[in-house]
Amino acid sequence: MSKSLMGKYLFVLMLALFLVLAACGGDDEGAEDPSDDGSEGTEETEEQKEEEEEEAVDPEDQIYDIDDFSTAVSNDGDPIDGGSLNYGLVSDTVFEGTLNFNFYGGTPDFEILQWIDEALLSMDENYTYTQDGAATFEADQENNSITFTIRDDVQWHDGEELTAEDWVFSYEVIADPEYTGVRYGTAGFTLIEGIEQYREGETDSIPGIEIHDEKSFTINYERLTPSLLTGGVWTYALPKHIFGDIPVAEMEESDAVRQEPIGIGPFMVDSIVPGESVSLVKNENYWRGEPNLDEVTVRVINPSVVVQELETGGVDLVSSFPVDQYPENSQMENVEFLGQIDMAYTYIGFKLGDWDEEASKVNYMPDEMKMGDVELRRAMWYAVDNDTVGERFYNGLRWAGTTLIAPSHPDYHDDSIEVPTFEPEEAERILDEAGYEDVTGDGFRETPDGEELVINFASMSGGDVAEPIANYYVQSWQNVGLNVQLLDGRLHEFNSFYDRVGNGGNDDPDVDIYMGAWSVGSDVDPSGLYGSNAMFNFPRYESEENDRLLEEGISEEAFDVEYRQEVYSEWQEFMVEEIPVFPTLYRSELRPANLRVTNYNIEQGSGVYLHELGVTQEEPVVAE
Amino acid sequence: MSNKQTEQELEHKVDEVEVEKSPSGLTIFWKEILKDKLAFISLMFLVLTSLGVFGISLILDQEEIIRVDLFALHEPPSIEFWLGTDYGGRDIFGQLIIGTRNSLAIGFLVTLLSGFIGIVFGVVSGYFGGHVDNVMMRILDFFMVLPNIMIIIVFVTIVPSYNVWSFSLVMTAFLWMGIARLIRSRALQEKELDYVQASRTLGSSHMKIIFTQVLPNITSLIVVTMTLNLAANIGIESGLSFLGFGFPESTPSLGTLLSYATNPTTLEHRWWIWVPAAVLILILMLAVRNVGEALKRAADARQRRA
């Protein structure tokens, strides 16, 4: 008995040992690959250079710069005829299958929709409408109206001509009180003349919209704002010959949305496996020209298998790639990594008030809040080293933020503005001057009134390095003598985090500061996040100057881009002075592409369209 | 002469009687463990590990260990960091020591607390029987049908801040039922025995009979069950921490170290973060189980080896 028992133990130990060895083996491989990689234009800090003398650069220590990434694939070969391509829709869950721009809700559905339908107006790199799309427009500032004209050769997938009526029909459906989607509510609808009459059922059509002929119509607005021309106008038509007979409330559930979606895009739906994949075939009558690819398959893949799918050529393109997996996979042989600055930033916010439910606006009360003193906030900005956080945790693929308009809006991001950087001595000096001194001798500063100052920091869990980053910030503030504690001593789950921070209007008074992130829209106007009426204004900050600048940014004068730039520069600078929040990290977005893919550019307004997308060989390139 | 011999014989006989006195429960346990090499080694390992981690963690600075160091992320094992560092640049060896201490402390605490509640509940219920037993067992049934892991998770999420004590109490609240049932069934048998009847006839109070007469007679069962429970409780704590419902990462435990392995890169390339914790859990569990099995045999005369 004893002997056989020993045998069992030996077996278990061997198993354990085997695991250890396997893990070691894997590690060596990982370290070898990039040994001779110095040519990618990577920047390395002094410290790393010292390390380098001893051993080859570990992929984890490599620092990358998003500017070194191209947005277009380098493969410039001629696409073969009749190729087919696999597109990986990276998602934890199945896609919903609401396949119409007028009704969809989630990003996964959008990833499918972009192949089969398209906006009638194109956008340039600043997300401003251009005249290159399926329709053109003319804004008449005197009469506050915009006239749209659709090109002659634009057809629906079923061969019907796209008419002005189809486009207007989408307005009528979305503005209908029975409409089930989430599109109504933006300035593009609410500013239309007489839209309220239509919603109340007084008129059958929207009074502010005049149809001139088959292909053109005019929308009269109460006033024009620059936001209208940077994403405000609704640019997705709805085929009236199909949806005309369906009651508005039932449209979202109809077959024309779920099973036989239709659009004007370069590809048509061939078959749908609900929640899993969609097969597309080319639309030969696409108005820009016949697509190069015969077939495209859009398939849901789980984020944890993205790397394997790419390596084996299972997918040629993916909808997103987790940045933290990049360093280990930067040398993947069969894939080219494209990258650009993401339209998002991470920030630290200071609670300066709460939400006034009745007035539906923020209740700014700096004198009553712990973080009310701007000097304290400034010192906290000086105390943290965002550059190092970006380098060490994200290998430079996230980097220190400066202003509240991210560089993803190159026209409006003002990088000449001086912002606090990591200077703990400066932070201590500011705190000393502002009267935050340690009078009790416990190692932490008290308020100028001599009261104990404990700052509760709320941060989100999820994301791989959320925890060490949150603790790093806490440490940095403790280093300059501020007693910052994690709220409840731990991180909070996404939904409960935003509930406590104020999503819903019930701000938790225990939260003093928090770390959140915003994904920003195509329109640069930040009033949805920082306006005094915005629920998303979580710091609950309000000032006349802020309101004035935000208002001016969307005024009629702001149609002049230079004027708008000035206004937003001023606003960015003002926010750096006031610091209701400060950006910590800007982010980048990575999109790997199989080496056989050609004519692919991820940049907004690049002028490379999906019908040009092609492959240069029959089979995907596979990693050795 | 003959007298003397008789005296000697008598002495000799007295000696013999003394020698034949039935050995105490603890002696039997000890003998059984000495006899079973594996159990002995396991016990030594357990004692040394416990003493080691509690001792070393006294001199370790926990603040320093959980300090995020941006310039030492994912360091492989070296002289400075014996077992490397994790993704926050924190020393794995220190975390392993403190984590083992926390996991063991919770394991012991939960076992003792749940054992205490379970034993008292079970022995009282079994001893009195009848309606008392009926009512108490229905209460127990109620606790048994609750999905206890789910409830522990909910509790842990609601309790604003928790430490070793509050975490142990929450776990205890849902882990005492098994042992209570076991003790109750044994107490049911025990109370029918003559010595209980005799004691009762002599006028001893119920309290006295339960705690000074019945309880000592079922000690062996208690020791065995609690030892085996210890392994289970350490496992439950590690499991909860692994799922993210145990301690926050700033309070290391074996489970949190193990949960780093959910990241594919860590699993594949950074073995030093999770392998030591995994191996330690494995060995700890086996050791506790070995000791428990030996005790179990000792408690049952038919299975004894010694």
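The model shown is predicted, which means the values in this text are computed figures rather than measured ones.

### Things to note about the overall build of chain B
Broken down by element type, chain B carries 15 helices and 0 strands. Each principal axis of the C-alpha distribution contributes one length, and for chain B these read about 90 × 60 × 30 Å. When each of the 306 residues of chain B is scored for burial, the buried share is 41%. Excluding contacts between residues fewer than 6 apart, the proportion of contacts in chain B whose partners are at least 24 apart in sequence is 67%.

### Some remarks on the overall build of chain A
Regarding its fold elements, chain A presents 19 helices and 19 strands. By the burial criterion, 42% of the 624 residues in chain A qualify as buried. Put simply, 69% of the contacts in chain A that link residues at least 6 apart link residues at least 24 apart.

### Side note on the domain arrangement of chain A
Residue and element names in this part refer to chain A. Taken domain by domain, chain A comprises domain 1 (59–98 + 265–334 + 595–624), domain 2 (119–256) and domain 3 (342–588). A separation of 37 Å is found between the C-alpha centroids of domain 2 and domain 3. Classifying every residue of the side of domain 2 that touches domain 3 gives 4 nonpolar, 7 polar and 1 charged.

### As for the nonpolar core
Grouped burial of nonpolar side chains is what soluble globular proteins tend to show. Of all hydrophobic cores here, the largest spans 157 residues; its most connected members are Leu280(A) and Ala379(A). Here this core takes 8 residues from helix H4 (residues 164–175) of chain A, the largest share from any one element. If near-sequence neighbours (up to four positions away) are discounted, Leu280(A) is found in contact with Trp115(A), Ile116(A), Phe267(A), Met268(A), Val269(A), Asp270(A), Glu295(A), Val296(A) and Val298(A). Core analysis: the next-biggest nonpolar cluster, separate from the first, contains 66 residues, Ile119(B), Tyr127(B), Leu240(B) and Leu254(B) among them.

### Brief notes about the confidence of the model for chain B
Residues and elements named next belong to chain B. A residue-level look at chain B finds 91% of positions with pLDDT of 70 or above and a mean pLDDT of 85. Mean pLDDT across the elements of chain B bottoms out in helix H1 (residues 2–20) (55) and peaks in helix H6 (residues 130–145) (93). Across the interface, the model reports ipTM at 0.73; the global pTM reads 0.75.

### A few points about the packing of helix H3 (residues 37–59) of chain B against helix H15 (residues 271–299) of chain B
Residues and elements named next belong to chain B. Close contact between H3 and H15 brings their axes to 8 Å; oriented N to C, the two are set at 130°. Between H3 and H15, the angle falls in the class oblique. Handedness of the crossing formed by H3 with H15: left-handed. In this structure, H3 contributes Leu-38, Ala-39, Ser-42, Leu-43, Phe-45 and Leu-46 to the contact, and H15 contributes Ala-287, Val-288, Asn-290, Val-291 and Ala-294. Residues belonging to the contact of H3 with H15 are distributed by class as follows: 9 nonpolar, 2 polar and no charged.

Rules of the game
- Residues numbered from 1 in each chain as written.
- Chains lettered and ligands numbered in written order.
- Predicted model: local features only at pLDDT ≥ 70, side-chain atom pairs only at ≥ 80, totals over all residues.
- Helix = DSSP H or I, 4+ residues; strand = E, 2+ residues; numbered from the N terminus.
- Buried ≥ 20, exposed ≤ 12 C-beta atoms within 10 Å, placed from the backbone.
- Contact = placed C-beta atoms within 7 Å.
- Domains from an automatic or database assignment.
- Nonpolar A, V, L, I, M, F, W, Y, C, P; charged D, E, K, R; others polar.
- Core = buried A, V, L, I, M, F, W, Y, C linked by C-beta atoms within 7 Å.
- pLDDT = per-residue confidence, 0-100.
- Axes fitted to C-alpha atoms, helices over the stretch in contact; angles between N-to-C directions.
- Parallel < 35°, antiparallel > 145°, perpendicular 65-115°, else oblique.
- Left-handed = near helix turned anticlockwise from the far one by under 90°.

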